[in-house]
Amino acid sequence: MRKTLTAAVTSLALLFTLGAGSAFADAEATETTPLASIVDSVYGTPYKFGGTTTTGFDCSGFTRYVFSQMGIKLARVSAAQYKQGTPVSKKELQAGDLVFFKTTGTGKVSHVGVYVGEGEFAHASSSKGIRIDKLSNSYYQNRYVGAKRVLSKYGYSVYATES
């Protein structure tokens, strides 16, 4: 009986482990970072205008949530988040940097996401919820405004660097 129970528990553990995927393409090959784990934990959450919780996020609510999990306080709206941190060039982006876009006709910044590496960023898409897209996607490439670094060197080593 004990062997049967142990085998059943082991089988279930393997089943759940194999079924648990990551939104990050290379997650199977490497250990995920805390940043990757935070994004994965809410991947697919629906878009909700003004949303700041795991029941629904808008873009700045999502970035604010991600960074709050790392102990960093961000402003509530994307334009105000753009005023935080240190500017960083597109070619020097690191996982954990905020990336900003102008997706509406008003103001300079109207959308924000978190760069996750490999030319990709996580964000709250108004039509598809929390997802990962490529910065090279023509829609985002044409609307890219800039990026800001809000994590310290220590913060990057703890939250965004692969182990």
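Cut-offs used in this document
- Residues numbered from 1 in each chain as written.
- Predicted model: local features only at pLDDT ≥ 70, side-chain atom pairs only at ≥ 80, totals over all residues.
- Heavy atoms only, no water.
- Helix = DSSP H or I, 4+ residues; strand = E, 2+ residues; numbered from the N terminus.
- Buried < 20%, exposed > 50% of the residue type's maximum accessible area, 1.4 Å probe, protein only.
- Contact = heavy atoms within 4.5 Å.
- Areas by Shrake-Rupley, 256 points an atom, 1.4 Å probe, with all protein chains shown as cover.
- Salt bridge = Lys/Arg side-chain N within 4 Å of Asp/Glu carboxyl O.
- Arc of directions from axis to C-beta.
- Pairing = 2+ DSSP bridges.
- Axes fitted to C-alpha atoms, helices over the stretch in contact; angles between N-to-C directions.
- Core = buried A, V, L, I, M, F, W, Y, C linked by side-chain atoms within 4.5 Å.
- Polar contact = N/O pair within 3.5 Å; in protein donor to acceptor, adjacent residues only side chain to side chain.

As recorded in an unreviewed UniProt entry, the chain goes by C40 family peptidase and comes from Paenibacillus rhizolycopersici.

Asker: A description of the overall build of the chain should follow, citing residues and the corresponding values.
Answerer: Secondary structure assignment for the chain yields six helices and eight strands. The secondary structure elements of the chain, listed N-terminal to C-terminal, are α-α-β-β-α-α-β-β-β-β-β-α-β-α. Out of the 163 residues belonging to the chain, those deemed buried represent 40%. Contacts spanning at least 24 positions in sequence make up 51% of the contacts within the chain whose residues lie at least 6 apart. Within the structure as shown, the chain displays about 9,300 Å² of accessible surface, and the carbon and sulfur contribution to it stands at 56%.

Asker: So, the pattern of salt bridges: which residues are in play, and what are the values?
Answerer: For the coordinates displayed, the defined rule picks out four salt bridges. Here R149 makes a salt bridge to D97, at a shortest N to O gap of 2.9 Å. Of this pair, R149 sits in strand 8 (residues 144–149) while D97 is found in the loop between strand 3 (86–88) and strand 4 (98–101), placing the two residues 52 residues apart along the sequence. The buried category is assigned to D97, whose relative accessible area is 0%.

Asker: Tell me about helix 6 (residues 153–160), and name the residues and values.
Answerer: Side chains of residues three or four places apart in an α-helix project in the same direction, reflecting 3.6 residues per turn. Taken as a whole, helix 6 has its buried residues at G155, Y156 and A160. Angularly, the buried residues of helix 6 cover 100° about the axis, an arc narrow enough to put them on a single face. Set apart from the buried face of helix 6 by more than 90 degrees, the exposed residues are K153 and Y154.

Asker: Which residues make up the sheet that holds strand 8, and what values go with them?
Answerer: Taken in spatial order, the six strands line up as 3-8-4-5-6-7 in an open sheet, and their pairing is antiparallel. On the outer flanks of this sheet lie strand 3 and strand 7 (129–134), each paired with one strand and no other. Direction aside, the axes of adjacent strands within the sheet are offset by 35° on average. Bridge analysis of strand 4 against strand 5 (residues 111–117) gives four bridges, and the strand direction is antiparallel. Counterpart to F101 in the pairing with strand 5 is H111. Packed on one face of the sheet, helix 3 (residues 59–68) meets strand 4, strand 5, strand 6 (120–125) and strand 7 and runs near 45° to strand 5.

Asker: I'd like to hear about the nonpolar core, residue by residue, with values.
Answerer: Grouped together as the largest cluster of nonpolar side chains are 28 residues, with contacts concentrated most on L35, F62, V66, F67 and L98. Counting only elements with at least two residues in this core, the list comes to helix 2 (34–42), helix 3, strand 4, strand 5, strand 6, strand 7 and helix 6. If you tally residues by element for this core, the top one is helix 3, at five residues. With sequence-adjacent residues up to four places away left out, F62 is seen in contact with V39, V42, F57, V114, A122, H123, A124 and I130.

Asker: Can you lay out the environment of G44 for me, pointing to particular residues and giving the numbers?
Answerer: By the secondary structure assignment, G44 is in the loop between helix 2 and strand 1 (52–53). For G44, a relative accessible area of 44% translates into the label partly exposed. Put simply, G44 and I130 are 86 residues apart on the chain and 4.8 Å apart in space, counted from C-alpha to C-alpha.

Asker: Any chance you could break down the side chain of H123 for me, citing the residues and the numbers?
Answerer: Counting through the fold element by element, H123 comes out in strand 6. Overall, H123 belongs to the buried group, its relative accessible area being 0%. There is a polar contact of 2.9 Å between the side chain of H123 and the side chain of H111.

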